[in-house]
Amino acid sequence: MTHGTDSIDSPMYGTFGNGGARRPEPEPQYSLKMFGEVVKTFRKRARLTQEQFAPLVGYSPETVASIEQGRRLPPPDFAERADSILDAFGVILAAAKHLTRRKGLASWFRQWAELELSALSLYTYECRLIPGLLQTPAYARTLFADQLPPLADEQIEAQLAARLERQQLLRERPNTSFSFILEEHLFLRDLGGADVTRELLDHILDLSELRNVNVQIMPLVRHHHSGLGGPVQLLETPDHQWFGYLEGQAHGQFVSDPKAISVIQMRCASMRSQALSLDDSQGLMRRMRGAR
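Residue numbering note: each chain is counted from 1, following its sequence as written. Since the coordinates come from a predicted model, pLDDT governs what is reported: local features require at least 70, and pairs of side-chain atoms require 80 or more to be given and counted, while whole-chain, interface and lining totals use all residues. In computing side-chain properties, one takes all heavy atoms of the structure into account and sets aside hydrogens as well as water.

Asks: Quick question: what am I supposed to make of the overall build of the protein chain here?
Replies: Helix and strand assignments follow DSSP, with helices taken as H or I runs no shorter than four residues and strands as E runs no shorter than two, numbered in order from the N terminus. Looking only at helices and strands, one finds 13 helices and six strands in the protein chain. Think of it in three bands: residues with accessible area under 20% of the maximum for their type are buried, residues over 50% are exposed, and the middle band is partly exposed, with areas taken using a 1.4 Å probe on protein chains only. For the protein chain, the proportion of its 292 residues judged to be buried stands at 50%. For the protein chain, long-range pairs separated by at least 24 residues make up 74% of all intrachain contacts whose partners lie at least 6 apart in sequence. In short, Shrake-Rupley with a 1.4 Å probe defines the accessible areas, and a residue's cover is counted only from the protein chains shown. Total accessible area on the protein chain is roughly 14,000 Å²; 54% of this is exposed by carbon and sulfur atoms. Only heavy atoms matter for contacts: two residues are in contact if any of them lie within 4.5 Å across the pair.

Asks: Before we go on, may I ask you to explain helix H4 (residues 78-85) in this structure?
Replies: An α-helical segment advances 3.6 residues per turn. Residues three or four places apart therefore align on the same side. The set of residues buried in H4 consists of Phe 78, Ala 79, Ala 82 and Asp 83. End-on, the buried residues of H4 take up no more than an arc of 120°, which puts them together on one face. What points out from H4, more than 90 degrees from its buried face, is the exposed set Glu 80 and Ser 84. One or two positions beyond H4, positive phi appears at Asp 87, with a value near 50°. Think of the arc as the fan of directions from the helix axis to the C-beta atoms.

Asks: Teacher, can you tell me more about unusual backbone geometry here?
Replies: Working note: non-glycine residues mostly have negative phi, and peptide bonds are mostly trans. At the junction of Leu 148 and Pro 149, the peptide bond is cis and its omega measures out at -5° in the coordinates. Within the secondary structure layout, Pro 149 lies in the loop between helix H7 (137-145) and helix H8 (153-166). The phi torsion at Arg 47 lies on the positive side, around 60°, for a residue other than glycine. Even without glycine at this site, Phe 89 takes up a positive phi of about 60°. Assignment of secondary structure puts Phe 89 in the loop between H4 and helix H5 (91-100).

Asks: What's the story with the environment of Pro 76 in this structure? I'm lost.
Replies: Structurally, Pro 76 is set in the loop between helix H3 (61-68) and H4. Residues Pro 76 and Leu 115, spaced 39 residues apart in sequence, show a C-alpha to C-alpha distance of 9.3 Å. Once residues within four sequence positions are removed from consideration, Pro 76 is found in contact with Leu 115, Gln 241 and Phe 243.

Asks: I'm lost on the nonpolar core in this one. Help?
Replies: Within soluble globular proteins, side chains that are nonpolar generally end up buried alongside one another. Side-chain atoms within 4.5 Å are what join buried Ala, Val, Leu, Ile, Met, Phe, Trp, Tyr and Cys residues into a set we call a nonpolar core. Counting 52 residues, the largest nonpolar core has Ile 92, Leu 182 and Phe 187 as its most contacted members. Sort the elements by how many residues they give to this core and helix H11 (residues 194-207) lands first, with six residues. Leave out the neighbours within four places in its chain, and Leu 182 touches Glu 126, Ile 130, Pro 131, Leu 134, Phe 187, Ile 204, Val 215, Gln 216, Ile 217 and Met 218. One finds Tyr 125, Ile 261, Ile 264 and Cys 268 within the second-largest nonpolar core, a separate group that totals eleven residues.

Asks: What is the right way to read the pairing of strand S4 (residues 232-236) from this model?
Replies: On any regular strand, side chains alternate: one points to one face of the sheet, the next to the other face. Extensive coverage of S4 is indicated by the burial of five of its five residues. Here S4 shows no split at all, with Val 232, Leu 234 and Glu 236 on one side and Gln 233 and Leu 235 on the other all buried. For two strands to be treated as a pair, DSSP must find at least two bridges joining them. Sheet topology places strand S1 (residues 121-126) next to S4; five bridges connect them, and they run antiparallel. Following the sheet pairing, Leu 122 is matched in S4 by Leu 235.

Asks: Which parts of the structure should I look at to understand the side chain of Asp 83?
Replies: Looking at the secondary structure, you find Asp 83 in helix H4. In this structure the side chain of Asp 83 is engaged in a polar contact, spanning 3.0 Å, whose partner is the backbone nitrogen of Ile 92. In contact with Asp 83, not counting residues within four places along its chain, are Ala 88, Phe 89, Gly 90, Val 91, Ile 92 and Leu 93. Any pair of N or O atoms that falls within 3.5 Å is considered a polar contact. Within protein, one atom must be able to donate a hydrogen and the other to accept it, and sequence-neighbouring residues count only if both atoms are side-chain atoms.

Asks: Explain the pattern of salt bridges to me, please; I cannot follow it from the model alone.
Replies: We count a salt bridge whenever a side-chain nitrogen from Lys or Arg sits within 4 Å of a carboxyl oxygen from Asp or Glu. The full count for this structure, using the stated rule, is eleven salt bridges. Across the salt bridge formed by Arg 198 and Asp 195, the nearest N and O atoms sit 2.7 Å from each other. Taken together, the residues Arg 198 and Asp 195, both in helix H11 and three residues apart, mark about one turn of the helix. Residue Asp 195 is classed as exposed on the basis of its relative accessible area, which comes to 57%.

Asks: Quick question: what am I supposed to make of H3 here?
Replies: Counting buried residues in H3 gives six out of eight residues, a clear majority hidden from the surface. Remark: Gly 70 follows H3 within two positions and exhibits a positive phi of approximately 75°.

Asks: In this structure, what is going on with the confidence of the model for the protein chain? I would like to understand it.
Replies: Low pLDDT means the predicted coordinates in that region are not meant to be read closely. Per residue, pLDDT captures the predictor's confidence, and it can take any value from 0 to 100. Of the residues in the protein chain, 86% reach a pLDDT of 70 or more, and the chain-wide mean stands at 85. Segment residues 1-28 is flagged for pLDDT under 50; beyond a separation of four residues in sequence, or across chains, it makes 115 contacts in the model. A low-confidence stretch, residues 100-107 (pLDDT under 50), is modelled with 21 contacts involving residues beyond four sequence positions or located in other chains.

This is the structure in structure tokens:
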């Protein structure tokens, strides 16, 4: 999956979320376009090309171009750096504050994918399918093969390669804390068959032995459950900012509003107490593995 991202972009489709389901990407929001125009205007006022401006602000010319065209949300530190470098009188910073109040953002998963690359911690709750970071090739291939409308063989292979590349995060970022809460029924479904599920359980058990990876199972019978609103991801940046990502069937939503983040944090904390402990979760996975 991502990070790269676990997706390929096309004029018709945007990026994938955890499950690999393809979904149309919305047009860039008006506020993103306006922010891009503001940056471009001050850049030209400073008589800088995108190639000259990019190293000054600490990003690639491609990133600068995407921001100026309104195709992506600026990284958290971009506005402050750009405003200072371009002597923009605080205008760029003011425009950026308007962006943070938006509930939905264009190119939502690409932005999340970029934040994930440097995150200090990442919390994931899933009730639909195994998150992309934990999937085996066989499990992921089943998801892609079941995709509607159908994908061509070369599309499936490209998506699979991107997903496996993203999974390197778990081992390449040992100082990042990855926490997962997975519903027990995700394994009982036997998606792809008993052999695929057996391999999946072995794989997740191996990953759960890593010091930076915690996996908890939410039991099938649970009289109280704080995650009934659906899957959620929560991320902390090196600057200790928190962002959330909510994924639905037809859209994804990037969350930056502090009040909304507080609610997500509250729900995640509650679910961690409702799910099985780390040891009990490993024990349940071993029993499910032995039953296949």
